[in-house]
Amino acid sequence: MPRGKLENIGIPTLDEDVFVSDRKKAEDHAEKVIEIPIHKIEDFPNHPFQVRNDEEMMNLIDSVAKSGVIAPALVRPKEDGSYEMIAGHRRKYACLQNGLRTIPCIIRNLSDEEAVMIMVDTNLRQRQTILPSEKAFAYRMKLEAMKRQGARTDLTCAPVGHKSRDILAEQSEDSKSQIQRYIRLTYLIEPLLKLVDEGQIAMRPAVELSYLESHAQKMVLEEMEINVCSPSHDQTIRMRKAQEEGKLTDELISEIMQEEKPNQIEKIRLSSQRISRFFAPRTSVKEMENEIVKALEVYQRYKKRQREKQER
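Residues numbered from 1 in each chain as written. Predicted model: local features only at pLDDT ≥ 70, side-chain atom pairs only at ≥ 80, totals over all residues. Heavy atoms only, no water.

**Some points on the side chain of Glu223**
With respect to the helices and strands, the residue Glu223 is situated in helix H11 (residues 214-227). A distance of 3.2 Å separates the side chain of Glu223 from the side chain of Ser254, its partner in a polar contact. Apart from residues no more than four positions distant in its own chain, Glu223 is found in contact with Val228, Cys229, Ile253, Ser254, Met257 and Gln258. (Helix = DSSP H or I, 4+ residues; strand = E, 2+ residues; numbered from the N terminus. Polar contact = N/O pair within 3.5 Å; in protein donor to acceptor, adjacent residues only side chain to side chain. Contact = heavy atoms within 4.5 Å.)

Right, dumping it as structure tokens:
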């Protein structure tokens, strides 16, 4: 072919068109930081981590006010044009507290399993204060996501569940056994789980309580309120064993919970039969206690006024 015709073909030069094309493809696929209206971002479903107005949050609100959002949030797109927050719930709240309408975000297409794992890992890594209940539900969500993902991709002979738990432990600061304890907390009734968060029930007794049926857990809670005490590890082990043997009754729970412990504060017991006539039916023990305290406060003020009259 004549040289003149070759020159008219328009073959791209190696040092220009090919490199420019590759660079453009890379730029098109690169993640960009985009300002997204906050009202278009929905919270992650069943997000296990709370957004609390604690000192850590106050510092974040001040930081956003002074410097804006330094680290962009991570979201994934939804079919209706909105977005789902993966990492950045606290930053979103800080923006709202500062009157901002948008937040810088990275948009990433993620599967449900990928979204859960990134959400959990990011929060566990970045938060300074994490409640036991938050770790409990976070570990459970991630383990379930890993099992679903492993069911499709794991070709080893090891059972998917056991392999997932081993990997989860390798990726976490907690041991495999400690992660299992945290996950057991998700089987507690909400009031008992709250007491774990508040430090009124220790981890090991809480794990044993998680194996009790819901009614038995409610009975333990009621006995805690009546006796102003928390169950020991030994007490919870005996209650769990009694349930496994089909011998756990309300009476046995009450008997176990009323046992004196060396570190237990002196308590006052009032028979419900003696005081129930002063309250409406189905009034809880806690409500009765509050009403009794209020009545005593009124009585104390009355006695004080009586003494002042006598002194005049």
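**A closer look at the confidence of the model for the chain**
Mean pLDDT over the chain stands at 84; residues scoring 70 or higher make up 82%. Segment residues 152-160: pLDDT under 50, and seven contacts once partners within four positions in sequence are set aside and those in other chains are kept. (pLDDT = per-residue confidence, 0-100.)

**Considerations on the environment of Asp112**
Tracing the backbone through its elements, the reader meets Asp112 in helix H5 (residues 112-126). For Asp112, a relative accessible area of 46% gives the class partly exposed. For the pair Asp112 and Arg148, spaced 36 residues apart in the sequence, the C-alpha separation amounts to 9.9 Å. (Buried < 20%, exposed > 50% of the residue type's maximum accessible area, 1.4 Å probe, protein only.)

**Quick word on the packing of helix H12 (residues 233-244) against helix H13 (residues 250-257)**
Two numbers describe a pair of packed helices, the interaxial angle and the distance between the axes. Between H12 and H13, whose axes approach to 10 Å, the crossing angle comes to 165 degrees. Here H13 runs roughly antiparallel to H12, going by the angle between their axes. The interaxial crossing formed by H12 with H13 has right-handed handedness. Along the contact surface, H12 presents Gln235, Arg238, Met239 and Ala242, while H13 presents Leu252, Ile253, Ile256 and Met257. Among the residues forming the contact of H12 with H13, the class breakdown is six nonpolar, one polar and one charged. (Axes fitted to C-alpha atoms, helices over the stretch in contact; angles between N-to-C directions. Parallel < 35°, antiparallel > 145°, perpendicular 65-115°, else oblique. Left-handed = near helix turned anticlockwise from the far one by under 90°. Nonpolar A, V, L, I, M, F, W, Y, C, P; charged D, E, K, R; others polar.)

**Describing unusual backbone geometry**
One non-glycine residue, Asn46, adopts positive backbone phi at about 55 degrees. Residue classification places Asn46 among the exposed positions, given a relative accessible area of 68%. Phi is positive for Val228, close to 50 degrees, though the residue is something other than glycine. Along the polypeptide, Val228 turns up in the loop between H11 and H12.

**A closer look at helix H4 (residues 89-97)**
Those residues of H4 lying buried are His89, Arg90, Arg91, Lys92, Ala94 and Cys95. On the buried face of H4, the contacting elements are strand S2 (41-42), helix H3 (55-67), strand S3 (73-77), strand S4 (83-87), strand S5 (102-107) and H5.

**Here we look at the environment of Val33**
With respect to the helices, strands and loops of the structure, Val33 is situated in strand S1 (residues 33-37). With relative accessibility at 54%, the residue Val33 sits in the exposed group. Between the alpha carbons of Val33 and Leu74 there is a distance of 9.4 Å; along the sequence they are 41 residues apart. In this structure, Val33 is in contact with Pro72, Pro104, Cys105 and Ile106, ignoring residues within four places of it in sequence.

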